[in-house]
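Structure at a glance
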Amino acid sequence: IIGGRIIPSFTRNWLARERPGRLPIPFGRFDGVVIVVSVLALALWTLQPEGAATGLLLLVAGGLNVARLARWAGDRTLRDGLGVVLHAAYAFVPLGFLASGVAALFPGAIPAVAGIHVFGVGAIGAMTLAVMTRATLGHTGRELKADRATCAIYVAVVASTLARFAAALMPGETMFLHLSATLWVAAFLGFAAALACDLSGF
């Protein structure tokens, strides 16, 4: 819900200033439908993690969230690290729905925990870092621009998500699990280190 408010807004602000042209579609009835379907899918998933009804509703929610994300002109933000990471983080929402939907329909194909990690490590972790870095820059009066260190933090948290998903698919293999944990810690410690360095000279 919050992502659906801030991502189009921040994207619109940057595009209007840097790349005039196609802008994100404002919040409307379609967004409301997507939110309602998503809430219903998550509620059913909580009560009944497996089954045809749960799986199909999760897949529908995933597809609707893909369509919603596509309306926000994220493809036009590739030159803006602070912007593109918001779209990348939100992409883990529909991916989480889709993975969970497949797991509900075919329990033997994908473990249910795979979708949970896409939601938790990906959507929540990446969005948290994306908003923290933007807020830190904005509230300390600095330019809203991601430097190399910040971009490295974003890459680390996205890679951590992919590694955690791979680890869920291969429960007997610990390499991806350790890799995911290492990248996750590196991302958040990297944020703290970059922030400390910036504030020391602020």
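Right above here is the structure, for reference.
Below or above, wherever it landed, is the structure these notes cover. (Residues numbered from 1 in each chain as written. Predicted model: local features only at pLDDT ≥ 70, side-chain atom pairs only at ≥ 80, totals over all residues. Heavy atoms only, no water.)

Glancing now at the overall build of the protein chain. Scanning the protein chain from terminus to terminus reveals seven helices and zero strands. Seen in sequence order, the protein chain has helices and strands lined up from the N terminus as α-α-α-α-α-α-α. A compact globule built from 202 residues should have a C-alpha radius of gyration of about 17 Å, and the protein chain, at 18 Å, falls within 12% of that. Across its three principal directions, the C-alpha atoms of the protein chain cover 55 × 45 × 25 Å. Burial status across the protein chain gives 41% buried among its 202 residues. Counting only contacts in the protein chain whose residues sit at least 6 apart along the sequence, the fraction spanning at least 24 positions is 71%. In the structure as shown, the protein chain presents an accessible area of about 10200 Å², 71% of it carried by carbon and sulfur atoms. Each charge class in the protein chain was averaged separately, 15 positive and 9 negative side chains, and the resulting centres sit 8 Å apart. (Helix = DSSP H or I, 4+ residues; strand = E, 2+ residues; numbered from the N terminus. Rg over C-alpha atoms; globule rule 2.2 N^0.38 Å. Buried < 20%, exposed > 50% of the residue type's maximum accessible area, 1.4 Å probe, protein only. Contact = heavy atoms within 4.5 Å. Areas by Shrake-Rupley, 256 points an atom, 1.4 Å probe, with all protein chains shown as cover. Lys, Arg positive; Asp, Glu negative; His and termini not counted. Charge placed at Lys NZ, Arg CZ, Asp CG, Glu CD.)

Once that is clear, we can look at helix 2 (residues 29-47). Structurally, the α-helix is built with 3.6 residues per turn, so residues lying three or four positions apart point the same way. End to end, helix 2 covers 27 Å across 19 residues, agreeing with the expected 27 Å (1.5 Å per residue, within 8%). Every buried residue of helix 2 is accounted for by Asp31, Val34, Ile35, Val37, Ser38, Ala41 and Trp45. (Expected span 1.5 Å × (residues − 1).)

A separate point is the nonpolar core. Grouped together as the largest cluster of nonpolar side chains are 33 residues, with contacts concentrated most on Tyr90 and Phe97. Of the residues forming this core, the biggest block, nine residues, is contributed by helix 4 (residues 81-105). (Core = buried A, V, L, I, M, F, W, Y, C linked by side-chain atoms within 4.5 Å.)

We now examine the pattern of salt bridges. Within the structure shown, the criterion is met by four salt bridges. Note that Arg17 is salt-bridged to Glu18, the shortest N-O span being 3.3 Å. In this structure, Asp75 engages Arg22 in a salt bridge whose closest nitrogen and oxygen atoms are separated by 2.7 Å. Here Arg22 lies in the loop between helix 1 (3-18) and helix 2 and Asp75 lies in the loop between helix 3 (52-70) and helix 4, a separation of 53 residues in the sequence. What makes Asp75 partly exposed here is its relative accessible area of 48%. By sharing partners, the salt bridges in this structure join Asp31, Arg68 and Arg71 into a single network. (Salt bridge = Lys/Arg side-chain N within 4 Å of Asp/Glu carboxyl O.)

Looking now at the packing of aromatic side chains. In total, this model carries four aromatic pairs according to the counting rule given. With a centroid separation of 5.9 Å and an interplanar angle of 55 degrees, the aromatic rings of Trp45 and Phe119 are classed as tilted. Of the two residues, Trp45 is situated in helix 2 and Phe119 in helix 5 (residues 112-139); the sequence distance between them amounts to 74 residues. Exposure remark for Trp45: the relative accessible area of 16% places this residue in the buried category. Between the aromatic rings of Trp72 and Tyr90, the centroid separation amounts to 4.9 Å while the plane-to-plane angle is 65 degrees, which identifies the pairing as edge-to-face. A residue pair is termed long-range when its members are at least 10 positions apart, and Trp72 in the loop between helix 3 and helix 4 and Tyr90 in helix 4 qualify at 18 residues. Residue classification places Trp72 among the buried positions, given a relative accessible area of 0%. (Phe/Tyr/Trp six-rings, centres within 6.5 Å; stacked < 30°, edge-to-face > 60°.)

Taking 1.5 Å of rise per residue, the 25 residues of helix 4 would be expected to cover 36 Å, and the 36 Å separating its terminal C-alpha atoms lies within 8% of that figure. Most of helix 4 sits out of view: 18 of its 25 residues are buried.

A word on the packing of helix 2 against helix 3. It is the contact of helix 2 with helix 3, at a shortest axis distance of 9 Å, that shows an interaxial angle of 150 degrees. Considered as vectors, helix 2 and helix 3 are oriented roughly antiparallel to each other. You can see that helix 2 and helix 3 cross each other, and the crossing is left-handed. Contacts from Phe30, Asp31, Val34, Ile35, Val37, Ser38, Leu40, Ala41, Leu44 and Trp45 of helix 2 reach helix 3 at Ala53, Thr54, Leu57, Leu58, Val60, Ala61, Leu64, Asn65, Ala67 and Arg68. (Axes fitted to C-alpha atoms, helices over the stretch in contact; angles between N-to-C directions. Parallel < 35°, antiparallel > 145°, perpendicular 65-115°, else oblique. Left-handed = near helix turned anticlockwise from the far one by under 90°.)

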